[in-house]
Amino acid sequence: MNRFTRRIGGASARRPRATIAAWAVALLLLLPLAGTFGGAFADDLVAPGSRSEKAMELLEERFPEASGGSAMVVFAAPEGDRLQRHRDAVDAAVVRIADVEHVASAAGPFTGGALSPDGRIGFARITFDVPVMDVDPGQIEAMADAIEPARGEGLVAELGGDAVFLNAETETSGAEAAGLLAALVVLVVAFGTLVAALVPVALALVAVAAGLGSVLLLANAMDVSTAAPTIGAMIGLGTGIDYALFIVARHRENRTAGQDNATALSNAMASAGAAVLFAGGTVVVAMAALALTGLSFLTSIGLSTALVVLFAVAAALTLLPALLTLLGDRVHSRRRLRGRERPAKKSEDTAWWRFAHRVSARPWRHLLAASAVLLTLAAPALSMETGFPDAGDDSATTTHRRAYDLLAEGFGPGVNAPLVIVADLRGPGAGAEDIPGLARRIAADPGIVTVGEARTSAAGDTVVLPTIPATGPADSATAQTLERVRGLVPGNVAVSGVTAVTDDLTRQLADTLPILISAILAASFLLLMLVFRSVALPVKAVVVNLLSIGGAYGVVVAVFQWGWLGGLFNLDGTFLIASPLPTIFFAVLFGLSMDYEVFLLSRVREEYEATGETTESVARGMAATGRVITSAALIMTVVFLGFVANPSPLVKMMGLGLATAIVLDATLVRMVLVPAAMALMGRATWWLPRRLGRRLPRISVEAADPDLPPGPEPEPALAPGPGNR
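Everything quoted here is computed from the prediction, not taken from an experiment.

**What about the packing of helix H10 (residues 228–256) against helix H23 (residues 649–681)?**
Across the interface, H10 lies against H23 with an axial gap of 12 Å and an inter-helix angle of 20°. Between H10 and H23, the angle falls in the class roughly parallel. H23 is crossed by H10, and the crossing has right-handed handedness. Across the interface between the two elements, Thr230, Ile231, Met234 and Ile235 of H10 pack against Val651, Met654 and Leu658 of H23. The residue inventory of the contact of H10 with H23, partitioned by class, reads six nonpolar, one polar and no charged.

**Here we look at the sheet that holds strand S2 (residues 103–107)**
The sheet built from four strands is open, its strands ordered S2-S3-S1-S4 with antiparallel pairing. Strands at the two margins of the open sheet, each flanked by one partner only, are S2 and strand S4 (156–160). Taking each pair of neighbouring strands and ignoring which way they run, the sheet shows an average axis angle of 20°. Note that strand S1 (residues 70–76) and S4 share five bridges and pair antiparallel. Bridge pairing links Phe75 to Ala157 in S4. Of the strands in this sheet, S1, strand S3 (121–128) and S4 touch helix H16 (residues 399–411), which is tilted by about 105° from S4.

**Considering the confidence of the model for the chain**
Summing up the model confidence of the chain, the mean pLDDT is 85 and the portion of residues at 70 or higher is 92%. Here residues 339–345 is modelled with pLDDT under 50, and outside its nearest four sequence neighbours on either side it reaches five contacts, counting other chains as well. Predicted confidence is poor over residues 704–725, with pLDDT under 50, and the contacts of this stretch with residues over four places away or in other chains come to 51 contacts.

**Quick notes on the pairing of S1**
Of all seven residues making up S1, six are buried, and the element is well covered by its neighbours. In terms of strand pairing, S1 meets S3 through seven bridges, oriented antiparallel. Bridging from a neighbouring strand, Ser70 pairs with Thr127 of S3.

**Some points on a nonpolar patch on the surface**
Together, Trp562, Trp564, Leu565 and Leu568 give the surface a local cluster of nonpolar side chains, amounting to about 490 Å² of exposed area. Residue placement: Leu565 occurs in the loop between helix H20 (536–561) and strand S11 (577–578). Among the residues examined, Leu565 registers a relative accessible area of 58% and is labelled exposed.

**Some thoughts on the side chain of Gln508**
Looking at where Gln508 falls in the secondary structure, it is placed in helix H19 (residues 498–532). Setting aside chain neighbours within four positions, we find Gln508 in contact with Ala47, Pro48, Thr293, Gly294 and Leu295.

**Details of helix H1 (residues 2–14)**
For H1, with 13 residues, the first-to-last C-alpha span of 18 Å sits near the 18 Å given by 1.5 Å per residue. Residues of H1 that are buried: Asn2, Thr5, Gly9, Gly10, Ser12 and Ala13. Burial along H1 is one-sided: seen end-on, the buried residues are contained in an arc of 165°. Pointing more than 90 degrees away from the buried face of H1 are the exposed residues Arg3, Arg7 and Arg14. Elements in contact with the buried residues of H1: helix H2 (16–37), helix H11 (261–288) and helix H12 (296–327).

**Considering the nonpolar core**
The biggest cluster of nonpolar side chains holds 173 residues, and the ones touching the most others in it are Phe75, Tyr243 and Phe640. If one sorts the elements of this core by residue count, helix H21 (residues 580–611) sits on top with 17 residues. In this view, Phe75 contacts Leu83, Val90, Ala93, Val94, Pro109, Arg120, Ile121, Gly122, Ala124, Ala150, Val156 and Ala157; residues no more than four positions away in its chain are not counted. In terms of nonpolar packing, the next biggest core, distinct from the first, is built from 19 residues, Ala423, Val451, Val463 and Leu482 among them.

**A short note on the packing of aromatic side chains**
Two aromatic rings are characterised by how far apart their centres lie and by the angle between their planes. Tallied over the entire structure, the rule returns seven aromatic pairs. Centre to centre, the rings of Phe586 and Phe590 are 5.6 Å apart; their planes meet at 20°, and the pair counts as stacked. Placement of both Phe586 and Phe590 in helix H21 is noted, with a separation of four residues, approximately one turn of the helix. On the accessibility criterion, Phe586 (2% relative accessible area) is buried.

Conventions we followed
Residues numbered from 1 in each chain as written. Predicted model: local features only at pLDDT ≥ 70, side-chain atom pairs only at ≥ 80, totals over all residues. Heavy atoms only, no water. Axes fitted to C-alpha atoms, helices over the stretch in contact; angles between N-to-C directions. Helix = DSSP H or I, 4+ residues; strand = E, 2+ residues; numbered from the N terminus. Parallel < 35°, antiparallel > 145°, perpendicular 65-115°, else oblique. Left-handed = near helix turned anticlockwise from the far one by under 90°. Contact = heavy atoms within 4.5 Å. Nonpolar A, V, L, I, M, F, W, Y, C, P; charged D, E, K, R; others polar. Pairing = 2+ DSSP bridges. pLDDT = per-residue confidence, 0-100. Buried < 20%, exposed > 50% of the residue type's maximum accessible area, 1.4 Å probe, protein only. Patch = residues over 30% accessible without salt bridge, like charges linked within 9 Å, V, L, I, M, F, W, Y side chains within 5 Å. Areas by Shrake-Rupley, 256 points an atom, 1.4 Å probe, with all protein chains shown as cover. Salt bridge = Lys/Arg side-chain N within 4 Å of Asp/Glu carboxyl O. Expected span 1.5 Å × (residues − 1). Arc of directions from axis to C-beta. Core = buried A, V, L, I, M, F, W, Y, C linked by side-chain atoms within 4.5 Å. Phe/Tyr/Trp six-rings, centres within 6.5 Å; stacked < 30°, edge-to-face > 60°.

Below, the structure written as structure tokens:
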């Protein structure tokens, strides 16, 4: 692997202008192509093989007019007024909505019991002639224009319902750009020169642009979730900056040690470049593992993020060497270059080296203390309650959230969680004559408010019963009602609707999460064993990474589900943890945690091969990488925190969870748990059964740079720790 990355970097460095031109041409071709032929983002929120999916397929096949998407336009008169007094304005708005493309019907609020008991709030039922996920945002915008005159008449008018919520365009806060600016500040402080700081940011932006262009093209071949661009950009910015940072830092280290620019770059690509390739590959494997859930929207998120990370790795291995060749010594501060004339600063002179020996001298104390902190932070995760996000979880600045609140105020929370009972009259079970009795049994359930009038298909073989529960979509009582209703109906009757679909999704996510975790852990264990030729190191890596991920889970539960410090994050209530997030979190966080694991341990392994002593090699590895890893973690943290300012609670959860995990991983895990655990394991850290070692291929990630001058002889540790065996 070292030879491969050295050759790739060398080829780019020898032809820097051609390499940069190739990237520029690729972007100039890719981005217009994506804009022209790229597909639209859509969420395929269906659990394959579930009862709700079968009901939806039945409707699409036999009763297409009942399978179309639906929406509601909610009207509210001023307090103390009645909507009837504004009937002309409401009816005119409904007529305009009926003229919007793909609107099959629009029924006003003055018929069919669509007025609240006090007469102040009413809603128009809108049905489309396309499925709910195929409603175009442009059609929603046209509906918004159609109701604007009603607002001018003093009415409140909002768009709600599944079609509006599921197809609404994602809001942004602009804080993502602030995160990039903060990352640039960190890089300037770390490198001491603006040129060196701009290089990683520029590379990350190029990687994200190319990656998202590819994601757009991917959306033309498969359904790609609306969340995929946000998550891909979030991870792409963080990894893109970090990968460039590690290579630039090693290049600067080599230059300070006296190597000329070409040699320093070649050696940096062979060492840090190989680590970047392996670390990026680990993230790609972890994200691709989301396909194991069997859910297309998670598969698309995984593949999209993997694409962006691949571009980040490619940019670091090709575009970065070209830029460093052209920039030459401009990426170095004059003070650092002058330092080449003086003896290099010994690793023993650094705070990282001293701290590592302090930890190694009392490993049990530090191991137990750090573990206790992480386990305490993780404790709230034991109370995690998951559910699928609904309009009531979104920002109050969105029209669908305001419509949701008005509907709940006027008609009760259950109106936002409609169920659709679908009877297949061709199958054995309930016949046409049994439908009235079935409707009465369902209506008698304490969790059901109303069962609407039965609708029968033209062929007479399919019947639909619209049903309204008593509780909202995120209420656990609604899931219990759904189970009771499913227990009441015979085999040829199924329950569908967005509430039933998302409940089935939540169940499938819970069932497949252990499979995903097991696959990622097994793949990570094998990859680390191959690279570091050790059994103990992969086990240690898996355990400590699980601790940091558990801590992130716990913080998210405490903030969002329990409401702790909710005001700090501009939350207006408590929220269930979005059921896809634990799965996405694990894949993303484990991949990113392994990045830092690889960058630290590859340097530790290099030092161990030079000294043959575990504790000293850990101390030197931390001294060499501590500043860089801390800077990288700080950069990734500020990038992720930029997404916490997003109006969407779902994006806030993602940003806070990722930022928390990175902070924990770069501090307690990487700087305390790792040296403490390796001190306790001693030489057993590098143990590998001989028979297994002969069969495993040799893959080197980090190798000693042949052109570096010999370093000082290892000095004894501050205290004889358990690792000095």
